[in-house]
Structures are given as C-alpha cells and as structure tokens.
Amino acid sequence: MIPKSHPRYESLRTRDLIVEGIKKGITSTHGLIAHGRGEAFDYLLGEKTTDFAKKSIEAASALLLLAKYPVISVNGNVAALVPKELIQLSNLLSCPLEVNIFNTSKNREIKIKNYLLKYGAKNVLLPDKKYKIKFLKSNRKYVNPNGIFKADVVFVPLEDGNRTGALIKNGKKVIAIDLNPLSRTAQKATITIVDNITRAMSLLIKTIAKYKKYNKSKLKKIIINYNNKSNLKNSLKYILQNLS
Ligand code: ATP
C-alpha cells in the first residue's frame, strides 16, 4: 500500500495498476515498457494537463459528438488504467468498446472483455477474422463488423503508429492519447491528446457531457479552429522550456 503522502503517489499508483493488469492477465508484459516510455514523457511535461492538451480534448470531444459511428479501441494498458472511464465514455457516446491488442492472444482478448463487462460495460466487441482493415500486416488488422470496420471515428488511446496510420489510410479519423508528441501515433493521428490517459479521460468525459448541449455548427467551429500539427509543436516547445 502506497501512502498518499508519498511525493510520487500518483505515479506509483498508476504503476501498480499496470502490474495488477499483468497479474489479472489483461495487460501484456510489453505493456510495462510502453508505460515506462509514457512516464518519462510525463515527467518532462511536469505531470500535469497542459493548455495544449486541453485544446486537443476540446477538439476530440467535438469530433466524437459529430461522428456518425464512433468506436473506442481498447488494449491491455488502457483496460488496466481506466476501465470505469472507458465505460462512462462509451455510455455517453452510446458507442461500442472494441478490444484490439498488440501482442495477440485470444485468451487475453476474452479476459479484457470480461473485465470490462464486470465493471458494467454494455457492448464490448472482439476482432472477427472475417473482417479486416487494409494497409496493416499484423493480426491487429482484424476488426469487428459492428465496430471499427464501420466506424468513421476511432478513439485509440495508447496506440502504435502502424495501426494509427492504417486506420487513417482506411478513411477513418483517429483520436489518440499519447504522452510522447514525437511518436508515430502522435504525428499521424487526426487529433493527438498529449497527456496521461489517467488525467485526460475524466476531462474528456466532462467536456463531452458539456458539449452535448451544443449544436452541430458550434461543434464544427471548434474543430475548424484546431490545428493538430501546431498543437504538437507547442507540446514539444513546452517540453524544451521545462528542460531548460
Ligand atoms: P509509435 O509506434 O506510435 O511510434 P511507440 O512504439 O513509441 O509508438 P508503443 O510502445 O506502441 O509506442 O506505445 C506506447 C506509447 O504510449 C508511447 O508513445 C507512450 O508515450 C504512450 N503511453 C504510455 N503510457 C501512457 C499513459 N499512461 N498515458 C498516455 N500515453 C502513454
């Protein structure tokens, strides 16, 4: 048990969630390394949500509300870190959660599904070998016909660059959360939220709940006024300022 007074309480609590995820069989051991890379960038960002990340969260909220068929893609790290928030988001948008993991294992896919169902998820889809997206060689190309296959906007918190690029080439808009503004995912996504998923998810949910009252033209304006490339540049500048 980590005492709340510990100066690195939040970071250690998050590490514990990933370790617990591995013990439960929902997170892969590779997820530890991915988490470590995220931690390093979070340190450089001052471990807080920047104004740039808030702008991306606003644009992402607008895009998710304007989407005809949004889908939330879930991997082992995401399921371990923010299961309740994933379900809140899918309820708010009335959209499915779809399991898609890097180190493919049917057993782990089912464990993630059951874990989310246990937390109250209503609609959790698994990949179906009869359906795939183009431009991707790995097993991650397999998708569910009622999920990513027909989605126009895919929310892929913590993703690898290959799949993000393939989803974009398949004509989908992609929203990613990634602490590393230099990753291929961050560079390729339609909207990149450079923040820790443990902080960004609750703000995203709050913003969507607020924007639900907005009309379509107001939501469209938020997207038009947003520029992902300059937002990424500003995130990098912020890191450089912190370093100097
Ligand atoms: P890419 O293929 O996009 O270049 P990568 O190979 O660096 O990415 P992966 O190992 O596939 O990345 O995924 C880990 C990514 O997730 C890293 O970019 C890391 O910064 C990010 N990440 C890890 N933990 C978190 C977290 N808690 N919140 C947000 N981002 C995170």
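What comes next concerns the included structure. Because the structure is a prediction, the values reported are computed rather than measured.

Description of the side chain of Asn77
Next up, step 1: Within the secondary structure, Asn77 is located in helix α4 (residues 76–81).
Next up, step 2: In this structure, Asn77 is in contact with Ile18, Thr27, Gly31, Ala34, His35 and Leu158, ignoring residues within four places of it in sequence.

Things to note about the pattern of salt bridges
Next up, step 1: Using the criterion set out here, one finds twelve salt bridges in the structure.
Next up, step 2: Here Lys23 ties to Glu20 by a salt bridge, and the two come within 3.7 Å at their closest N and O atoms. Placement of both Lys23 and Glu20 in helix α1 (residues 9–24) is noted, with a separation of three residues, approximately one turn of the helix.
Next up, step 3: For Lys23, a relative accessible area of 64% translates into the label exposed.
Next up, step 4: Its salt-bridge partner being Asp160, residue Arg140 comes within 2.5 Å of it at the nearest N-O pair. Taken as a pair, Arg140 in the loop between β4 (128–132) and β5 (142–143) and Asp160 in the loop between β6 (153–157) and α7 (161–169) lie far apart in primary sequence, 20 residues in all.
Next up, step 5: Relative accessible area serves as the criterion here: at 17%, Asp160 is assigned to the buried category.
Next up, step 6: One network of salt bridges, with partners in common, ties together Arg140, Glu159, Asp160 and Arg163.

As for the environment of Leu167
Next up, step 1: By secondary structure assignment, the location of Leu167 is in helix α7.
Next up, step 2: Once the C-alpha coordinates of Leu167 and Asp152 are considered, the two residues, 15 residues apart in sequence, prove to be 9.8 Å apart.
Next up, step 3: Those residues in contact with Leu167, other than ones at most four positions away along the chain, are Ile133, Ile148, Val154, Val156, Lys172 and Val174.

A closer look at the site of the ligand
Next up, step 1: Taken together, 18 residues lie near the ligand, and Gly161, Asp178, Arg184, Thr185 and Asn196 sit nearest.
Next up, step 2: The contact in question runs from an oxygen atom of the ligand to an N or O atom on the backbone of Gly161, over 2.8 Å.
Next up, step 3: In the model, an oxygen atom of the ligand is placed 2.6 Å from a nitrogen or oxygen of the Thr185 side chain.
Next up, step 4: When the ligand is considered free in solution it has 630 Å² of accessible area, and contact with the protein chains removes 87% of it.
Next up, step 5: Here the ligand is seated within the largest pocket.
Next up, step 6: Those elements that provide at least two residues to the shell around the ligand are α2 (30–44) and α8 (184–188).
Next up, step 7: With four residues, the single largest contributor to the shell around the ligand is α2.

Cut-offs used in this document
- Residues numbered from 1 in each chain as written.
- Predicted model: local features only at pLDDT ≥ 70, side-chain atom pairs only at ≥ 80, totals over all residues.
- Heavy atoms only, no water.
- Helix = DSSP H or I, 4+ residues; strand = E, 2+ residues; numbered from the N terminus.
- Contact = heavy atoms within 4.5 Å.
- Salt bridge = Lys/Arg side-chain N within 4 Å of Asp/Glu carboxyl O.
- Buried < 20%, exposed > 50% of the residue type's maximum accessible area, 1.4 Å probe, protein only.
- Near = heavy atom within 4 Å.
- Polar contact = N/O pair within 3.5 Å; in protein donor to acceptor, adjacent residues only side chain to side chain.
- Areas by Shrake-Rupley, 256 points an atom, 1.4 Å probe, with all protein chains shown as cover.
- 1 Å grid on protein atoms, 1.4 Å probe; cavity = no way out; pocket = protein on both sides within 12 Å on 5 of 7 lines; lining within 4 Å.
- Sits in = over half its atoms within 2 Å of the grid points.

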